[in-house]
Amino acid sequence: MSNIILILGDQLNLQMNSLQGVDKDTDRILMAEVKTEATYVKHHKKKIVFVFSAMRHFALLLREKGYNVDYYRYDSPDNKGSLYAHVEDAVASYQPEKVCVAHPGEYRLLSEIKQWESKLGVAVEISSDNRFIAEQHFFADWAEGKKQFRMEFFYRELRKHTGLLMEGNQPSGGKWNYDADNRESFKKAPDIPPPSTFEVDDITKEVIDLVNIEFSGHFGSLDDFHFAVTRAEALKVLDTFIDERLEKFGQYQDAMLEGDPWLYHSHIGLYLNTGLLMPMEVLLAAQNAFDNDKAPLNSVEGFIRQILGWREYVRGFYWYFMPGLKDKNYLNAQRNLPDFFWTANTKMNCLSQCVQDTHQHAYAHHIQRLMVLGNFALLAGLEPKQVNEWYLLVYADAYEWVEMPNVSAMVLFADGGHLASKPYAASGSYINKMSNYCGSCHYSVKEKTGAQACPFNYLYWHFVERNRDKFENNPRMAMIYRTMTKMDETKVKHMFEDADTFLICLDNNEEV
Ligand SMILES: Cc1cc2nc3c(=O)[nH]c(=O)nc-3n(C[C@H](O)[C@H](O)[C@H](O)COP(=O)(O)OP(=O)(O)OC[C@H]3O[C@@H](n4cnc5c(N)ncnc54)[C@H](O)[C@@H]3O)c2cc1C
Ligand code: SF4
């Protein structure tokens, strides 16, 4: 008897557990571009092109390797619109012994798949998701009995577990973390190697035409699509990063520059998250660069920490705290997402630039997401559900398992501090220090009150004051409250008035 192996759009690797032991003579691989997945949020057009094109290329590869593949294009007449409908149809046609699928990346889909066995009357086998280094229970085992779940300690466990950047039991260079060396901004316009780009082939061209018709109302530009859509291309992106940019990755990790979101970053998040690259091969490439003196320790450790630390950690965090995480709103933030998150029409240059980058490329780097867009969402008290939806749909690398911990827990402190010991809140001076956005802004980052004052300045203190009951006793916030008591009372009063006026304008959808 045959088996049906369902391959989801983010599981595009021959090494997936679900593809091991497949009988090429009898088993059927099922892949489908379905409406339910493509539209449950209105994903960025470039993200849809990337995923559909990468799926189509992967189906071709599977066929070349001798697998039997049933592939349903989005616009084919026999497309049934949902994964379940396709699985049900395949079960009726092939009468399989079982349906196999690797663990999906979203709670929503896992809950749905868990019901299939009883609905279909056939065994459904969910294999573990080997697009990660740690098994899912690794986080739960580590978290057992803990009140705080700091990434740094989880990361150290994984360093020991994998032996990456280790000399015996000790971290390479004697320290676990070189973050303190990784906070430089650009003193002058840098000469950075450009990101890897790829020609649009016939398959991608067809998908672009499809997306232009079927998803015309979705956010984002389709101009200049240049992402890798095969594993071979994604490997080139990785090699180029290791050869050309890893050396300075650490040093400029937090820097921002008007008109260039790519900088020294790796641009591989979307490939890792769809299986085109596997995390261990990426980490070994970085370790190898360090071993061969091609990149310094601060850069290699910084990069390894992002993938072995943050990526593994947020994935464990997501499954540990779901489904509750979805509804968390510790700071009771209720404000609607302003229109400029879609249009970029705001006089705040940093926000306008980051939204424009996001619209154009389905990409913004970490500090843009955290310290400009996220920082604003936190300070202005934007409602977590709306903010989560925005982040989930605008980035090509966004899937709920990684997006939600970053947004709800890291950015919005909506989980009440399981992930972060204090909120990532900052005034305009942080943005000014790390970027050149302020130079061409309508507002003045030096001014704290008045019509020209940078809104991040007064919103910061407004945020601190309105959440006093939540943070006053937090030892990491104590200094901020002490500083506030020493500030000139009239100035503080003016800042709060300016913040109130600003937030009213925001609520009225007036240009700010
Ligand atoms: C509010 C917010 C939302 C985010 N949403 C996503 C998302 O939907 N999908 C996503 O993959 N990343 C997300 N991140 C993390 C990070 O911003 C992106 O992984 C990164 O910008 C992708 O670009 P890159 O590949 O050039 O990364 P680099 O800066 O080169 O980093 C290398 C890799 O490290 C991993 N990484 C780095 N930081 C994180 C992190 N905080 N969490 C998980 N992995 C990390 C990614 O796999 C990334 O590709 C988010 C961060 C914030 C603050
Ligand atoms: S002045 Fe304020 S709003 Fe303008 S770019 Fe700088 S931080 Fe952003």
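Residues numbered from 1 in each chain as written. Chains lettered and ligands numbered in written order. Predicted model: local features only at pLDDT ≥ 70, side-chain atom pairs only at ≥ 80, totals over all residues. Heavy atoms only, no water.

**Digging into the site of ligand 1**
With respect to spatial proximity, 29 residues lie near ligand 1, and among them His265, Ser266, His267, Asn273 and Tyr363 are the closest. A distance of 2.7 Å separates an oxygen atom of ligand 1 from a polar atom in the side chain of histidine 265. In this structure, serine 266 approaches ligand 1 through a side-chain N or O atom, which is 2.6 Å from an oxygen atom. Taken by itself ligand 1 offers 810 Å² of open surface, and the protein chains cover 99% of this. Only helix H9 (269-272), helix H11 (297-321), helix H14 (366-380) and helix H16 (400-411) provide two or more residues apiece to the shell around ligand 1. In terms of residue class, the shell around ligand 1 is built from 16 nonpolar, nine polar and four charged. (Near = heavy atom within 4 Å. Polar contact = N/O pair within 3.5 Å; in protein donor to acceptor, adjacent residues only side chain to side chain. Areas by Shrake-Rupley, 256 points an atom, 1.4 Å probe, with all protein chains shown as cover. Helix = DSSP H or I, 4+ residues; strand = E, 2+ residues; numbered from the N terminus. Nonpolar A, V, L, I, M, F, W, Y, C, P; charged D, E, K, R; others polar.)

**With respect to the domain arrangement of the protein**
If you check the domain split of the protein, you get domain 1 (3-127), domain 2 (136-200 + 212-321) and domain 3 (340-507). One C-alpha centre belongs to domain 1, the other to domain 3, and the line joining them spans 39 Å. The partner domain 3 presents 15 residues to the 12 residues of domain 1 that form the contact. Counting the surface lost from both domain 1 and domain 3, the interface buries some 1,100 Å², and carbon and sulfur atoms represent 55% of this. Applying the counting rule to domain 1 against domain 3 returns zero salt bridges. (Domains from an automatic or database assignment. Contact = heavy atoms within 4.5 Å. Buried area = accessible area lost by both parts, 1.4 Å probe. Salt bridge = Lys/Arg side-chain N within 4 Å of Asp/Glu carboxyl O.)

**Quick word on unusual backbone geometry**
Residues methionine 322 and proline 323 are joined by a peptide bond in cis, for which omega reads 5°. Relative to the elements of secondary structure, proline 323 occurs in the loop between H11 and helix H12 (340-343). Located in the positive-phi region is leucine 165, a residue other than glycine, with phi close to 50°. Assignment of secondary structure puts leucine 165 in the loop between helix H6 (151-162) and strand S6 (166-167). The phi torsion at asparagine 332 lies on the positive side, around 50°, for a residue other than glycine.

**Section: the packing of helix H13 (residues 349-361) against H14**
Working note: a packed helix pair is described by the angle between its axes plus the distance between those axes. The interhelical angle for the contact between H13 and H14, taken along N-to-C directions, is 120°, at an axis separation of 10 Å. Between H13 and H14, the crossing angle belongs to the class labelled oblique. Every pair of crossing elements has a handedness; the one defined by H13 and H14 is left-handed. In this structure, H13 contributes Cys350, Leu351, Cys354, Val355, Asp357 and Thr358 to the contact, and H14 contributes Gln368, Val372, Leu373 and Phe376. Here the residues of the contact of H13 with H14 are counted per class, giving seven nonpolar, two polar and one charged. (Axes fitted to C-alpha atoms, helices over the stretch in contact; angles between N-to-C directions. Parallel < 35°, antiparallel > 145°, perpendicular 65-115°, else oblique. Left-handed = near helix turned anticlockwise from the far one by under 90°.)

**A closer look at the nonpolar core**
Counting 164 residues, the largest nonpolar core has Ile29, Met31, Phe50, Leu246, Tyr271, Tyr313 and Phe376 as the members making the most contacts within it. Per-element accounting of this core gives the leading share, 13 residues, to H11. When residues no more than four places from it in sequence are discounted, the contact partners of leucine 246 are Phe241, Ala286, Ala289, Ala295, Ser299, Val300 and Phe303. Ranked by size, the runner-up nonpolar core spans 20 residues in total, among them Leu6, Leu30, Ala32 and Val91. (Core = buried A, V, L, I, M, F, W, Y, C linked by side-chain atoms within 4.5 Å. Buried < 20%, exposed > 50% of the residue type's maximum accessible area, 1.4 Å probe, protein only.)

**Regarding the packing of aromatic side chains**
In the structure shown here, the tally under the stated rule is 47 aromatic pairs. Plain terms: the ring middles of tyrosine 74 and phenylalanine 215 are 5.0 Å apart, the flat faces sit at 50° to each other, and that makes the pair tilted. In this pair, tyrosine 74 is assigned in the loop between strand S3 (68-72) and helix H3 (83-94) and phenylalanine 215 in the loop between helix H7 (202-214) and helix H8 (231-249), connecting sequence segments 141 residues apart. The pair formed by tyrosine 74 and phenylalanine 215 is uniform in burial state, with each residue classed as buried. Their ring planes at 85° and their centres at 5.0 Å tell us that tyrosine 318 and tryptophan 319 sit as a pair that is edge-to-face. It is lysine 470 that lies over the ring of tyrosine 330; its NZ or CZ is 5.4 Å from the centre. (Phe/Tyr/Trp six-rings, centres within 6.5 Å; stacked < 30°, edge-to-face > 60°. Lys NZ or Arg CZ within 6 Å of the ring centre and 35° of its normal.)

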